Amino acid sequence: MTGAVARLGARSVDWVAGLGHMTRFAGSVVAAALRPPLRGRTLVREIYDVGVRSLALILGSGFVVGMVLGLQAYNTLARFGAEQSLGAVVGLSLIRELGPVLTGLLVTGRAGSATAAGIGAMVTTGQLDGLRMMSISPIHFVVYPKALALLIAMPLLSALFIVVGVFGGYVVVVELLGLDPGSYLSSLENAVDFRDDVLASVLKGVVFGLLAGLISTYRGYTSEPTAEGVSRSTTSTVVVASVCILISNYFITALWGV
Amino acid sequence: MQSTSGRDLAVGIFVLGGLLAVAYLSVQVGGLSYAGPGGLTLVARFDEIGGLSPRAPVAISGVKVGQVTAITLDDDLRAEVRLDLDASLELPIDTSASIRTSGLLGDQFITLEPGGELDLLADGDEIDFTYSALNLEKLIGTLVHETDIGGSE
């Protein structure tokens, strides 16, 4: 009985200590970001890995999501004779929620896991210790470009997802269902507000990018130097980052939406 | 070296495309700057605006000529609606404004009907003839009362 209580207590202390460790890690990444050099070449390579290589996935998914939204919204709205609001429903769903959230989850699964595995492999093969031996900060040399690349790529990928999704909805609504193209676009443009919708969407992309970047690099950086440890940190990156994205999504919506 | 510059180009195109997408959402869809000319501001007061909201379109004969920029309550507790219209419009001073609904459940918008006077409305003027939004519940309530379907009297 006392053993169970002690284990629970030890676990809680471990968890809080882990949170503190991660916060300190985040602080040192931010400090590294503010310190020259910029490491532009590495940054470009990392943006290529997480951004350009995720493009096909994001554009394909966005298009299909827009198409299914158009179809679903049509089925519901047609019952009320409100088909002229289709553009607003598709556009607002994509801009406010589906664009940033689905992009966040997809990029976490595609690029966040790769980031964690990449850093984990460097830990396993002692490359980070090698850097330390040459008095090069591994946080500055390896972690910061990877985290920043995710931060930069996420809002851009999210915006592309939304634009392609709106176009996918347009294809279904106008080309397949034969509705008026003007009413689709004008209801979209009338319903969307710059601050409430577009700015909130970009903010979500930035926050999700930050979360994915920090969590994936932290998990990779602290992974055990074994093949099993790396695979475990990769899995936990996807799980933890996805849950964090979904939870923070609620709070951004609640705080920003008013 | 060849592969490196190819990668730079790909990243450049990616960043540019992403920024263009953000710009498209902000300007075209989000209405950061109203695409039309704008410049002529008019005020109209209504007893009832229903579900009219800022950024609702303003149309003449169904053609969009501007949008609602602000809705406030004036000193007499009537709704004061500010309209931003195409500056090249020449509207007579007896122009009337009415709030309409597109479709049965659609968004509300303002439609202007130009009158026949020779004098024109200038920037900042008020539209004197206004017709409030049609309140369906109120209308049914009145109908029930007038025709005595309720049977109380």
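Residues numbered from 1 in each chain as written. Chains lettered and ligands numbered in written order. Predicted model: local features only at pLDDT ≥ 70, side-chain atom pairs only at ≥ 80, totals over all residues. Heavy atoms only, no water.

### Some points on the overall build of chain B
In terms of regular secondary structure, chain B is built from two helices and eight strands. For chain B, the residues scored as buried account for 32% of the 153 residues in total. Accessible surface, chain B as shown: approximately 9100 Å² in total, 57% of it carbon and sulfur. (Helix = DSSP H or I, 4+ residues; strand = E, 2+ residues; numbered from the N terminus. Buried < 20%, exposed > 50% of the residue type's maximum accessible area, 1.4 Å probe, protein only. Areas by Shrake-Rupley, 256 points an atom, 1.4 Å probe, with all protein chains shown as cover.)

### Some details on the pairing of strand S4 (residues 79-86) of chain B
Every regular strand shows the same layout, with side chains that alternate between the two sheet faces. All names here are of chain B. Across the eight residues that make up S4, a large majority, six, are buried. Looking at chain direction, strand S1 (residues 39-46) and S4 are connected through eight bridges and run antiparallel. If you follow Thr41 over to S4, its bridge partner there is Asp84. Sheet topology places strand S3 (residues 63-73) next to S4; seven bridges connect them, and they run antiparallel. Pairing of Thr72 across the sheet is with Glu80, part of S4. (Pairing = 2+ DSSP bridges.)

### A short note on the confidence of the model for chain B
Taken as a whole, chain B shows an average pLDDT of 79; of its residues, 85% reach a score of 70 or greater. Averaged pLDDT values for the elements of chain B fall to 77 in helix H2 (residues 136-147) of chain B and rise to 87 in S4 of chain B. (pLDDT = per-residue confidence, 0-100.)

### Examining a nonpolar patch on the surface
A cluster of nonpolar side chains, contributed by Val239, Val243, Ile247, Tyr250, Phe251 and Leu255 of chain A, occupies part of the molecular surface with about 650 Å² of accessible area. Mapping Val243 of chain A onto the fold places it in helix H9 (residues 227-257). (Patch = residues over 30% accessible without salt bridge, like charges linked within 9 Å, V, L, I, M, F, W, Y side chains within 5 Å. Salt bridge = Lys/Arg side-chain N within 4 Å of Asp/Glu carboxyl O.)

### Description of helix H6 (residues 138-176) of chain A
All names here are of chain A. Spanning 39 residues, H6 covers 53 Å between terminal C-alpha atoms, matching the ideal 57 Å at 1.5 Å per step. Of all the bends found along H6, the most pronounced is centred on Tyr144 and spans about 35°, while Pro145, a proline, follows it within four residues. Phi for Gly178, located one or two positions after H6, is positive at around 75°. (Expected span 1.5 Å × (residues − 1). Bend = angle between axes of the 7 residues up to and from the residue.)

### So, unusual backbone geometry
Between Pro36 of chain A and Pro37 of chain A the backbone carries a cis peptide bond, its omega angle lying at 0°. Of note, Pro37 of chain A is situated in the loop between helix H1 (2-34) and helix H2 (40-50). We note that Leu77 of chain B has phi near 60°; this positive angle belongs to a residue other than glycine. Note on placement: Leu77 of chain B falls in the loop between S3 and S4. Residue Leu77 of chain B is classed as exposed on the basis of its relative accessible area, which comes to 66%.

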